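Next come the chains, spelled out residue by residue.
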Amino acid sequence: MAIVPKRKTSKARRNKRRSNVWKLTVPTLIRCDKCGEYKLMHRVCRSCGYYRGREVIKVEA
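What counts and what doesn't
Residues numbered from 1 in each chain as written. Predicted model: local features only at pLDDT ≥ 70, side-chain atom pairs only at ≥ 80, totals over all residues. Heavy atoms only, no water. Helix = DSSP H or I, 4+ residues; strand = E, 2+ residues; numbered from the N terminus. Buried < 20%, exposed > 50% of the residue type's maximum accessible area, 1.4 Å probe, protein only. Lys, Arg positive; Asp, Glu negative; His and termini not counted. Salt bridge = Lys/Arg side-chain N within 4 Å of Asp/Glu carboxyl O. Polar contact = N/O pair within 3.5 Å; in protein donor to acceptor, adjacent residues only side chain to side chain. Contact = heavy atoms within 4.5 Å. Phe/Tyr/Trp six-rings, centres within 6.5 Å; stacked < 30°, edge-to-face > 60°. Lys NZ or Arg CZ within 6 Å of the ring centre and 35° of its normal. Patch = residues over 30% accessible without salt bridge, like charges linked within 9 Å, V, L, I, M, F, W, Y side chains within 5 Å. Areas by Shrake-Rupley, 256 points an atom, 1.4 Å probe, with all protein chains shown as cover. Charge placed at Lys NZ, Arg CZ, Asp CG, Glu CD. pLDDT = per-residue confidence, 0-100.

Participant: I tried to follow the side chain of Lys39 on my own but got confused; where do I start?
Facilitator: Structurally, the position occupied by Lys39 is in strand β2 (residues 38-40). One buried charged side chain, Lys39, makes no salt bridge at all; its nearest oppositely charged neighbour is Asp33, positioned 7.1 Å away. A polar atom in the side chain of Lys39 sits 2.9 Å from the backbone oxygen of Arg43. When neighbours within four sequence positions are excluded, Lys39 is seen to be in contact with Thr28, Leu29, Ile30, Cys32, Cys45 and Tyr51.

In C-alpha cells, the structure reads:
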C-alpha cells in the first residue's frame, strides 16, 4: 500500500514552502574602532588585532 496525499497541494502552498529554502541573511559588518576596516560583530579585527579597545592578537605588518 502506497502513502499518497489526500488532496493536491495548491500552487500557493507549494510556492510558500519553497520560498524559505533559499533565503540567507547577510552577516552584519561593522567598522573597527581602531583601524576602520569592516569586521564581523563580536570578533577580533583581522587587520589590527584589536577587540573592544584592547590588543588581543599581535598582527604582523
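Past the structure itself, the notes keep going.
Participant: What is the right way to read the packing of aromatic side chains from this model?
Facilitator: Remark: the centre distance and the inter-plane angle together describe each pair of aromatic rings, the angle taken between the planes. Considering all chains together, one arrives at zero aromatic pairs under this definition. One cation-aromatic arrangement involves Lys34 over Tyr50; the distance from NZ or CZ to the ring centre is 4.6 Å.

Participant: How should I be thinking about a positive patch on the surface in this particular structure?
Facilitator: Together, Arg13, Lys16, Arg17 and Arg18 line one region of the surface with positive charge. Under the relative-accessibility criterion, Lys16 is labelled exposed at 59%.

Participant: Whenever I open this one, the confidence of the model for the chain confuses me. Can you help?
Facilitator: Close inspection of predicted coordinates is inappropriate in any region flagged by low pLDDT. For the chain, the mean per-residue pLDDT works out to 90, and 97% of the residues sit at or above 70. In the model of the chain, helix α1 (residues 11-19) stands out as the element of lowest mean pLDDT, 90, in contrast to β2, which has the highest, 96.

Participant: Please clarify how a nonpolar patch on the surface should be interpreted in this entry.
Facilitator: Among the surface-exposed residues, Leu29, Tyr38 and Leu40 lie close enough to one another that they form a single nonpolar patch of about 310 Å² accessible area. Looking at the element boundaries, Leu29 is found in strand β1 (residues 29-31).

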